[in-house]
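# Overview (structure and organization)
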Amino acid sequence: RILRFGFPSGLQFCLDMAGFTIFVLLIGRLGTVSLAATNIAFNINTLAFMPMLGSGVAVSVLVGQYLGMNRPDLANKSTATGLKITVVYMGVIAALYVLIPHVFVDAFTHRSQTGEMAAIGALTVVLLRFVALYSLFDGLSIIIASALKGAGDTRFVMLANVALSALMVIPTYIIVMHLKGGIIPCWSIATGYIMALGTTFFLRFRAGKWMSMRVIEPHVAALPPGCPECPDARIEP
C-alpha cells in the first residue's frame, strides 16, 4: 500500500524537480546573465512556493481523513479553504513582484556596481513578472494536487506531471539549441507549463472521481462461518 500510493507521489516530485533542473541547464546555454537572473527569480519565488507546500500537506491530510470518514463534502470544503488561503497569499506576493520587484532583487545585487550585475538585476525584474503571472496557477497546482494525493489519486498526478514536463523541456531545448532563441520565449514556455499543470489538476478535481477513492478500504464486519447468529440468545419459557 505504501508503494502503491507513495511511489507515484515521490516520482512525480522527482520528475517535477528534474524538469526545472533541465530547464535551468538549458538556460545556462544562453549565457551568464540569463542563468543568474533565472536562478535569482526562482530563489525569490520560494517566498511564495514554500508556504504553499505546507498548506498542501494540510489539505492532503484533511482530504484523506474526511474521505476515510465517508465525508467527501468536508474534504471538498477543506480543499476550497486551502484554495482561498492560496489565492490571497499568492495574490499579495504576485502584486509585490510587479509593484516593488527591486526590493527582492536588491537583496542579491546589493553593493555590486558591475555592468554585468546591473544587467542581471534588470533581467530578473522582467522575469519576476512571469513569476507573478504563474503564481496563482502554481498555488492552484500545489493545493489541488495535494487534495488528489490525499484521496489516493497519485497515479494521475504523476502521469500529468510527466506529460506536461516534457512539453516544457522539449520546446525549450529546441528554442535554445536549434533556433538560438532568447530567454523570454523559454520563460514563456515555463509559465505556460505551470498554468497548464494547475488547470489540468483543477479539471481532474472538478470531475469528482476522487470522491469515490479511498486510501484505506472500509472493513465489512462479518460473522465467522458456522457461528450461530445469536450465540447468547435465551428462549424465555
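A few points on the structure. (Residues numbered from 1 in each chain as written. Predicted model: local features only at pLDDT ≥ 70, side-chain atom pairs only at ≥ 80, totals over all residues. Heavy atoms only, no water.)

### Some words on the packing of helix α5 (residues 115-151) against helix α7 (residues 183-207)
Rules: Axis definition: a line fitted to C-alpha atoms, over the contacting stretch in the case of helices. Angles run 0 to 180 degrees between N-to-C directions. The helix count covers DSSP runs of H or I at least four residues long, the strand count covers runs of E at least two residues long, and both are numbered beginning at the N terminus. By the definition adopted for this analysis, an angle is roughly parallel if under 35 degrees, roughly antiparallel if over 145, roughly perpendicular if from 65 to 115, and oblique otherwise. The handedness criterion is simple: a crossing whose near helix is rotated anticlockwise from the far helix by less than a right angle is left-handed, and one whose near helix is rotated clockwise is right-handed.
Axis separation between α5 and α7 bottoms out at 8 Å; the angle between their running directions is 20 degrees. Taken together, the axes of α5 and α7 lie roughly parallel to each other. Handedness of the crossing formed by α5 with α7: left-handed.

### Notes on the packing of helix α2 (residues 32-68) against helix α3 (residues 72-99)
Heads up, the condition is: When checking whether two residues touch, look at their non-hydrogen atoms; a contact exists if any pair is within 4.5 Å. We call Asp, Glu, Lys and Arg charged. Ala, Val, Leu, Ile, Met, Phe, Trp, Tyr, Cys and Pro are nonpolar, and the rest, Gly among them, are polar.
Look at α2 against α3: their axes get within 8 Å of each other, and the N-to-C directions meet at 175 degrees. Considering their axes alone, α2 and α3 lie roughly antiparallel with respect to each other. Contact with α2, carried on its side by Ile44, Asn45, Leu47, Ala48, Pro51, Met52, Val59, Leu62, Val63, Tyr66 and Leu67, involves Pro72, Leu74, Ala75, Ser78, Thr79, Gly82, Thr86, Tyr89, Met90, Ile93 and Tyr97 of α3 and no other residues of that element. Among the residues making up the contact of α2 with α3, the classes are represented as 17 nonpolar, five polar and no charged.

### Considerations on the environment of Leu35
Condition: Throughout this description, buried means an accessible area under 20% of the type-specific maximum (1.4 Å probe, protein chains only), exposed means over 50%, and partly exposed covers the range between.
Secondary-structure assignment places Leu35 in helix α2. On the basis of relative accessibility, which here comes to 29%, the residue Leu35 falls in the partly exposed class. Sequence separation between Leu35 and Ile183 is 148 residues; the distance between their C-alpha atoms is 9.2 Å. Other than its neighbours up to four places away in sequence, Leu35 contacts Val24, Ile27 and Gly28.

### Things to note about the environment of Met52
With respect to the helices and strands, the residue Met52 is situated in helix α2. Residues Met52 and Ile143 lie 91 residues apart in sequence; the distance between their C-alpha atoms is 7.5 Å. Residues contacting Met52, with those up to four places away along its chain left out, are Thr86, Tyr89, Met90, Ile142 and Ile143.

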